[in-house]
Structure formats: structure tokens, C-alpha cells
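The residues making up each chain are set out below.
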Amino acid sequence: MTLATVTKRSVKSPPRPARRGRPPTGQGAWFLVLPALLPILVLSVGPLLYGIALAFTDSQSGRTAPTQWVGTLNFQDLVHDTLFWDSFRIGLLWAVGVTVPQFLLALGLALLLNQDLKLRWPARALAIIPWAMPEVVVGIMWRLVYNPDAGILNETIRDLGLGDGRDWLSGLSTALPAVIVVGVWAGMPQTTVALLAGLQNTPRELHEAAAMDGAGAWRRFLSVTWPALRPVALAITALNLIWNFNSFALVYVLTNGGPGGRTRLPMLFAYEEAFRYGQFGYAAAMGCVLVAVISVLLAVFLAGRLKGGEDA
């Protein structure tokens, strides 16, 4: 045995690196995505397609005759339905009336909670309590607040000597504003959380540099805070507008669309047509119109975001 052979056997070769698995492709990738995709198809896409198909039929509850295909007849009737367009107008008033104060109040609260204050963390926890409550519970609670006889609002008005109070949810002029107040209170926490997250991502060095340059609080907000917060603000405002336009449970519990249809939102109107009057096909046509409107709003918002990103 030569010295070269002994040396070759005594020197160990370095360990071979472990082989990494290839990323799944083709059928393997679809198999991994399927558990998340299947619930979406069954619970969202399937009902949506069924509702669109139902809108072109004369489907009704309790009908013994087979359902017939009527084409665009439901949509033609919908064009001339003044009650639906009144509910559409009320829905827009509700959505804007809730979204704008919701954003302004949430912005002020987020700026406050972003400061180095005592008991900041308990205050943040208390601020999201309305968000953690179901809409049905919120509606019942505020019905007690607005109660004309023993509600805390009217009791406070009487104690302050400002009058005898009124029936807030049954008055033609007060029902919608009263419901908007509840919508703002119930939806403000989620907007506050989103804006607070955006504020915390703003570098403090920028504020300190602006302060050293002599910029006041308002100037620092316009020059430093708002440019960093603007993408979050646009996103949460667009989502709030869509969510509020689609509101159902809160208004249903508070007023059930009354008095005189003053708080009948489009979703509530479609619900009544389907489950109170049994007009499933006509209600599905209403749903298709609402989906189309929401899709247009989303398209406009996404187009604006993409254009803003390209300009940046």
C-alpha cells in the first residue's frame, strides 16, 4: 500500500449538501392550493353564480309551477321601481354619512393613542371594544339608549332641562341620523386600528427633523404624517364605504327599515323582497345591481391606486 493510497483514505471528503425539494408545479401546486380554494368556491363563487342565474328567472316561494327563464324582465322592472332607487339613495347617504365622520374621528383617536401617554395600552384596548361586539348586540344596546321612555339619552336630556326627549328611531327626521351615529360608533375601531398601524410605521426621525426646522404640529402633520398615512387612509376609506353600503344587520335590528322606509337600505330592501314577499328572482336582480355597483367602486379605487403607484 502506497503513501498516496493511505493519504487518500485518511482524508475524508466534505459532506454533500442536502438536496432541496423543488417547488411544486402543475398538479402539485393546485393540490396545495385546493384546501384554501375549495371553501371560497363553495361559499362565495358558487352562491354568487347561482344568484346571477336566479336573477333571470321568475323564481318565487311557495310556487308549484316550475321556474321559468324570463331573461332581463326582472331588471326591466327594477329600472322603474322607485322604491328600490329610493333605498339606493338612502344607502348612499348612509354610506357617506357613516364613512366620513368615522374616518375623521378615528384619525383623531389614532393620533391621540399614538402619543406617549399614561395608560396608553388600556386605552387602546378599550378603543376596540365596539369592534369586538356583534352587530346584533350593538343594535339592541343602542335601542335601549334611544328608548323614548327610559333610554339614557332622553333621561339625560330631561335631567339637563333641555326638553322631554323624543322617539329617535321612530321620527321621520331623526331615524336616519340616529342610525348613522350608531354606525359611526360601531365601525370606528377598525379604522382607528388601521390608521394607528400606519402612524407607527412613520419614522420618528422625520418628525424630529421637521420640528428642528421650526415646523409646528399642523405643518408636521401635512408634510410628514399625512403623506405616510395616505395609502392606508385611502384603502380603509374605500373598504369602509363598501362595507357600509352593504350594511344589513345593524339597521335591521335598530329600525327594520322604518319609519316609512326612511332607513331602508338596499340590502334590507332585497331581503324583504326575497323573504317577506317571496320574490327570489326579483331580489336576485337587486343583488346583481348591487354587486355591479360595488365592482365599479372597486375598479375605480384600484385604478387610482395603480395610477398613483406609477406616478410615484
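Every value quoted in this text rests on a predicted model; they were computed, and no experiment measured them. (Residues numbered from 1 in each chain as written. Predicted model: local features only at pLDDT ≥ 70, side-chain atom pairs only at ≥ 80, totals over all residues. Heavy atoms only, no water.)

Draft legend 1. Representation of the overall build of the chain within the structure. Helix and strand counts for the chain stand at 14 helices and zero strands. Going from the N terminus to the C terminus, the chain shows its helices and strands as α-α-α-α-α-α-α-α-α-α-α-α-α-α. Among the 312 residues that make up the chain, the fraction classed as buried is 34%. Put simply, of all contacts in the chain between residues at least 6 apart along the chain, 64% involve residues at least 24 apart. Total accessible area on the chain is roughly 20000 Å²; 66% of this is exposed by carbon and sulfur atoms. (Helix = DSSP H or I, 4+ residues; strand = E, 2+ residues; numbered from the N terminus. Buried < 20%, exposed > 50% of the residue type's maximum accessible area, 1.4 Å probe, protein only. Contact = heavy atoms within 4.5 Å. Areas by Shrake-Rupley, 256 points an atom, 1.4 Å probe, with all protein chains shown as cover.)

Draft legend 2. Representation of the packing of aromatic side chains in the model. This structure, assessed with the given rule, holds 17 aromatic pairs. Here F56 and F75 contribute two aromatic rings whose centre-to-centre distance is 5.3 Å and whose plane-to-plane angle is 45 degrees, an arrangement assigned as tilted. Remark: F75 occurs in helix α3 (residues 73-79) and F56 occurs in the loop between α2 (27-54) and α3; sequence separation between them is 19 residues. Since its relative accessible area comes to 23%, F56 is described here as partly exposed. (Phe/Tyr/Trp six-rings, centres within 6.5 Å; stacked < 30°, edge-to-face > 60°.)

Draft legend 3. Summary view of the pattern of salt bridges. Applying the stated criterion to the full structure yields three salt bridges. One salt bridge connects E272 with R264, and the closest N-O pair in it is separated by 3.3 Å. Here R276 makes a salt bridge to E272, at a shortest N to O gap of 4.0 Å. The buried category is assigned to E272, whose relative accessible area is 6%. (Salt bridge = Lys/Arg side-chain N within 4 Å of Asp/Glu carboxyl O.)

Draft legend 4. Layout of a nonpolar patch on the surface. Together, L34, L38, I40, L41, V42, L43, V45, L48, L49, I52 and V291 give the surface a local cluster of nonpolar side chains, amounting to about 950 Å² of exposed area. At 10 residues, α2 tops the list of elements feeding residues into the nonpolar patch. Positionally, I52 belongs in helix α2. (Patch = residues over 30% accessible without salt bridge, like charges linked within 9 Å, V, L, I, M, F, W, Y side chains within 5 Å.)

Draft legend 5. Representation of the confidence of the model for the chain within the structure. Scored by pLDDT, the chain has a mean of 84; 88% of the residues are at 70 or more. Every residue in residues 1-12 is under pLDDT 50, and counting partners more than four places away or in other chains gives two contacts. (pLDDT = per-residue confidence, 0-100.)

Draft legend 6. Main features of the environment of T263. One can find T263 in the loop between α12 (249-254) and α13 (266-275). When the C-alpha atoms of T263 and Y252 are compared, they prove to be 9.1 Å apart, with 11 residues separating the residues in sequence. Those residues in contact with T263 that lie beyond four places of it in its chain are I90, A175, L176, V179, V251, T255, G257, G258 and L268. Separated by 2.6 Å, the side chains of T263 and T255 make a polar contact. (Polar contact = N/O pair within 3.5 Å; in protein donor to acceptor, adjacent residues only side chain to side chain.)

Draft legend 7. Structural view of unusual backbone geometry. For the bond from G258 to P259, the omega torsion is -10 degrees, close enough to zero to count as cis. Along the chain, P259 falls in the loop between α12 and α13.

Draft legend 8. Local environment of the side chain of T192. Structurally, T192 is set in helix α9 (residues 175-200). Its relative accessible area of 4% is what places T192 among the buried residues.

Draft legend 9. Structural context of the nonpolar core. Counting residues in hydrophobic clusters, the biggest one holds 22 residues, and the most contacted among them are W94, W142, Y146, V182 and L254. Counting only elements with at least two residues in this core, the list comes to α4 (82-113), α7 (135-145), α9 and α12. Among the elements that line this core, the one with the most residues is α9, at seven residues. Once you skip the residues sitting within four places of it in the chain, Y146 turns out to touch L153, W168, L169, A178, V181 and V182. If you look at the next biggest cluster of nonpolar residues, it comprises 19 residues, including F84, F245, Y282 and A284. (Core = buried A, V, L, I, M, F, W, Y, C linked by side-chain atoms within 4.5 Å.)

Draft legend 10. Representation of α13 in the model. Of all 10 residues in α13, seven are buried; the element is thus mostly enclosed. Taken together, the buried positions of α13 are occupied by P266, L268, F269, A270, E272, E273 and A274.

Draft legend 11. Just the side chain of T57, in detail. Looking at where T57 falls in the secondary structure, it is placed in the loop between α2 and α3. T57 sits in the buried class, given a relative accessible area of 10%. In this view, T57 contacts T67, Q68, W69, V70, N74 and G281; residues no more than four positions away in its chain are not counted.

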